[in-house]
Amino acid sequence: EKPVPIILDGRYILKEKVGSGSFGQIYIAICKQTGSILAVKLEKRSAESVATLGKEAKLLGELNGQPGFPTVYRYGYETDYNYMALSLLGSDIEKLFKQRAYKFSLKTVLMIIDQLLTRVQVLHNRGYLHRDLKPENFCISKDNPEEINLIDFGLSRSYKDAYGKHIPCVEKRGL
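Described below are features of the structure shown in this document. (Residues numbered from 1 in each chain as written. Predicted model: local features only at pLDDT ≥ 70, side-chain atom pairs only at ≥ 80, totals over all residues. Heavy atoms only, no water.)

### Focus: helix 3 (residues 106–125)
Working step 1: If you check helix 3, its first and last C-alpha atoms are 28 Å apart, about what 20 residues at 1.5 Å a residue would give, namely 28 Å.
Working step 2: Backbone geometry just downstream of helix 3 places Gly-127 in the positive-phi region, at approximately 95°. (Helix = DSSP H or I, 4+ residues; strand = E, 2+ residues; numbered from the N terminus. Expected span 1.5 Å × (residues − 1).)

Below, the structure is given as structure tokens:
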């Protein structure tokens, strides 16, 4: 018997789970209105969990239109879940590195580094620290395989106060 498709918010048909972690799950989805294929990130809502998806959606909303960052189409909630519909991206750098037997050409490494530094610089210029930089959080764009996107802003945090001044450094606080 074929499983009943999950339709989120009456508009997104969740097709295939493509990732999961402490944040929740990521699905490939189809938008019923446009037929476009995108990603939907789900986060379970509960009294004891810290909702990070809303902060992530807000930060990405500030970056919408910037090259190298996924586009957020919608953020909302349904029953027990917060969700964010965003651009579907390709493989992450870690996966690509493994696929190529742990060898990239010098040209490839330099092209990757240039884009990684640019993404972090754009984020810092907006007043944020990513706090989870790793190869798995840089993905190739589906539309342009030469473009690398920075993802997963669940641990990101502003380093400026309400007046735009750098907040003081505090050590031994954990995340």
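### So, the sheet that holds strand 10 (residues 148–150)
Working step 1: On the basis of which strands lie adjacent, the open sheet formed by three strands has the order 7-9-10 and antiparallel pairing. Either end of the sheet is taken by a strand with one partner, and the two such strands are strand 7 (89–92) and strand 10. Sheet twist, expressed as the average angle between the axes of neighbouring strands with direction ignored, equals 45°.
Working step 2: Pairing geometry for strand 9 (residues 138–141) and strand 10, over three bridges, is antiparallel. Along strand 10, the bridge assignment pairs Ile-140 with Ile-148. (Pairing = 2+ DSSP bridges. Axes fitted to C-alpha atoms, helices over the stretch in contact; angles between N-to-C directions.)

### Regarding a nonpolar patch on the surface
Working step 1: A cluster of nonpolar residues, Val-109, Ile-113 and Leu-117, forms a patch on the protein surface that exposes about 260 Å² of accessible area.
Working step 2: Examined against the element boundaries, Ile-113 turns out to sit in helix 3. (Patch = residues over 30% accessible without salt bridge, like charges linked within 9 Å, V, L, I, M, F, W, Y side chains within 5 Å. Areas by Shrake-Rupley, 256 points an atom, 1.4 Å probe, with all protein chains shown as cover. Salt bridge = Lys/Arg side-chain N within 4 Å of Asp/Glu carboxyl O.)

### Some remarks on the side chain of His-130
Working step 1: Within the secondary structure, His-130 sits in the loop between strand 8 (128–129) and strand 9.
Working step 2: Here His-130 is in contact with Leu-123, Asn-137, Leu-150, Ile-151, Asp-152, Phe-153, Leu-155 and Ser-156, once residues within four sequence places are set aside. (Contact = heavy atoms within 4.5 Å.)

### Regarding the packing of aromatic side chains
Working step 1: In the structure shown here, the tally under the stated rule is four aromatic pairs.
Working step 2: When the centroid spacing of 5.5 Å and the interplanar angle of 85° are considered together, the rings of Phe-97 and Tyr-102 count as edge-to-face.
Working step 3: Judged by relative accessible area, which is 49%, Tyr-102 ranks as partly exposed.
Working step 4: For the ring pair Phe-97 and Phe-104, a centre distance of 4.9 Å and an interplane angle of 45° mean the geometry is tilted.
Working step 5: For Phe-97, a relative accessible area of 29% translates into the label partly exposed.
Working step 6: Among the aromatic residues, those joined into a cluster by ring pairs are Phe-97, Tyr-102 and Phe-104.
Working step 7: Its end group placed over the ring of Tyr-81, Lys-44 keeps NZ or CZ at 5.2 Å from the ring centre. (Phe/Tyr/Trp six-rings, centres within 6.5 Å; stacked < 30°, edge-to-face > 60°. Buried < 20%, exposed > 50% of the residue type's maximum accessible area, 1.4 Å probe, protein only. Lys NZ or Arg CZ within 6 Å of the ring centre and 35° of its normal.)

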